[in-house]
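# Observations on the model geometry
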Amino acid sequence: TKDMLETVASTKNAIGYVAYSAIANDLDSGITADDKTDKLSLSRQTADYKMIKVDGVEVSDKTIRSGKYALCRDYYVAYKGKLNSVEQDFLRYIMSAGQKEVDKICVGKKKAATFLSDKSEGTISIEGSSSVAPIMEKLIAGYASYNPLKTTDSSDGLNAAIRGDCDLAMSSRALKDYEKELLSYEVIGSDAIAIVLQKNNPITDLSTKQIRDIYNGKYPKWSDIN
């Protein structure tokens, strides 16, 4: 993500895409604002890249929550079979008090609620999407204040859960039909794909069709877009 943003920022005619949360929570920007909205506002002022509108809609927490922004995506936690007591406890935390931690990175799916741990003991193995990993790290840290627990995570995905090689799988894409048949899952938060251009590019808005055509090679020059 960082390499892509740096390349777009330094390349006049570049286009790129990145998780909106990666920009809204850019820890490498030197910005110290505590509030995510303030941080994003400052980032937009100082960065040499810019996020553009898609189908006339600007990406933001509000347009993600409402579904008005076209390139939204959900983040999932999936598992196979019946969860044991500690896995159930952790999942209950994610969908209650843990939503406050999710909101720090992206857009939570539920309003944060009170959580009381049953103090189950054990180890949870978590594998999956690198896009969800920053959220999961905060959730693990937050859960530890209720129930100190040993957890592990890696960059593998849903197949590990299907094979039974991990307890919980993180996914930044919707599950395929066969995966839904084999796994249970919860949507823990929502994010979006932000389209970024070099700051001085005059383009401010692209349709989803235009974006698709750019990546399919239909437009070799920005001036070819109509």
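Residues numbered from 1 in each chain as written. Predicted model: local features only at pLDDT ≥ 70, side-chain atom pairs only at ≥ 80, totals over all residues. Heavy atoms only, no water.

### A look at the packing of aromatic side chains
For the structure on display, the rule yields 9 aromatic pairs. Taking the centre distance of 5.1 Å and the plane angle of 65° together, the rings of Phe90 and Tyr143 count as edge-to-face. With a gap of 53 residues between them, Phe90 in helix α5 (residues 85-94) and Tyr143 in helix α7 (residues 133-144) connect regions that are remote in the sequence. Take Tyr143: its relative accessible area is 1%, and that puts it in the buried class. An angle of 65° between the planes, with centres 5.5 Å apart, marks the rings of Tyr93 and Phe115 as edge-to-face. In this pair, Tyr93 sits in helix α5 while Phe115 sits in the loop between β5 (107-108) and β6 (123-128), placing the two residues 22 residues apart along the sequence. Pairwise contacts between aromatic rings join Phe90, Tyr93, Phe115, Tyr143 and Tyr146 into one cluster. (Phe/Tyr/Trp six-rings, centres within 6.5 Å; stacked < 30°, edge-to-face > 60°. Helix = DSSP H or I, 4+ residues; strand = E, 2+ residues; numbered from the N terminus. Buried < 20%, exposed > 50% of the residue type's maximum accessible area, 1.4 Å probe, protein only.)

### So, the pairing of β6
Of all 6 residues in β6, 5 are buried, a share of seventy percent or more. Where β6 meets strand β8 (residues 168-171), 3 bridges bridge the pair, whose relative direction is parallel. Looking at the pairing, Ile126 lines up with Leu168 of β8. (Pairing = 2+ DSSP bridges.)

### Notes on the pattern of salt bridges
Scanning the entire structure with this criterion turns up 8 salt bridges. The shortest N-O distance in the salt bridge between Asp213 and Lys218 comes to 3.8 Å. Note on Asp213: relative accessible area 11%, which makes it buried. Taken together, the shared-partner salt bridges connect Lys209, Asp213 and Lys218 into one network. (Salt bridge = Lys/Arg side-chain N within 4 Å of Asp/Glu carboxyl O.)

### Some thoughts on the environment of Thr63
For Thr63, the location among the structural elements is in helix α4 (residues 61-66). For the pair formed by Thr63 and Ala192, sequence separation is 129 residues and the distance between their alpha carbons is 9.5 Å. A distance of 2.8 Å separates a polar atom in the side chain of Thr63 from the backbone oxygen of Glu58. (Polar contact = N/O pair within 3.5 Å; in protein donor to acceptor, adjacent residues only side chain to side chain.)

### Considering the packing of α5 against α7
Interhelical geometry of α5 versus α7 gives an angle of 110° and a closest axis separation of 10 Å. Between α5 and α7, the angle falls in the class roughly perpendicular. Along the contact surface, α5 presents Val86, Asp89, Phe90, Tyr93 and Ile94, while α7 presents Met136, Leu139, Ile140, Gly142 and Tyr143. For the contact of α5 with α7, the per-class residue count stands at 8 nonpolar, 1 polar and 1 charged. (Axes fitted to C-alpha atoms, helices over the stretch in contact; angles between N-to-C directions. Parallel < 35°, antiparallel > 145°, perpendicular 65-115°, else oblique. Contact = heavy atoms within 4.5 Å. Nonpolar A, V, L, I, M, F, W, Y, C, P; charged D, E, K, R; others polar.)

### Considerations on unusual backbone geometry
A positive phi angle is found at Asp55, which is not glycine, with a value near 55°. Within the secondary structure layout, Asp55 lies in the loop between β3 (53-54) and α4. Assessed through its relative accessible area of 41%, Asp55 is described here as partly exposed.

### Some remarks on the confidence of the model for the protein
Summary statistics for the protein give a mean pLDDT of 87 and a share of 87% for residues scoring 70 or more. Across the protein, β3 holds the top mean pLDDT of 98, while helix α3 (residues 36-46) sits lowest at 49. Contacts from residues 27-34, a stretch scored under 50 in pLDDT, to residues over four places away or in other chains number 9 contacts. (pLDDT = per-residue confidence, 0-100.)

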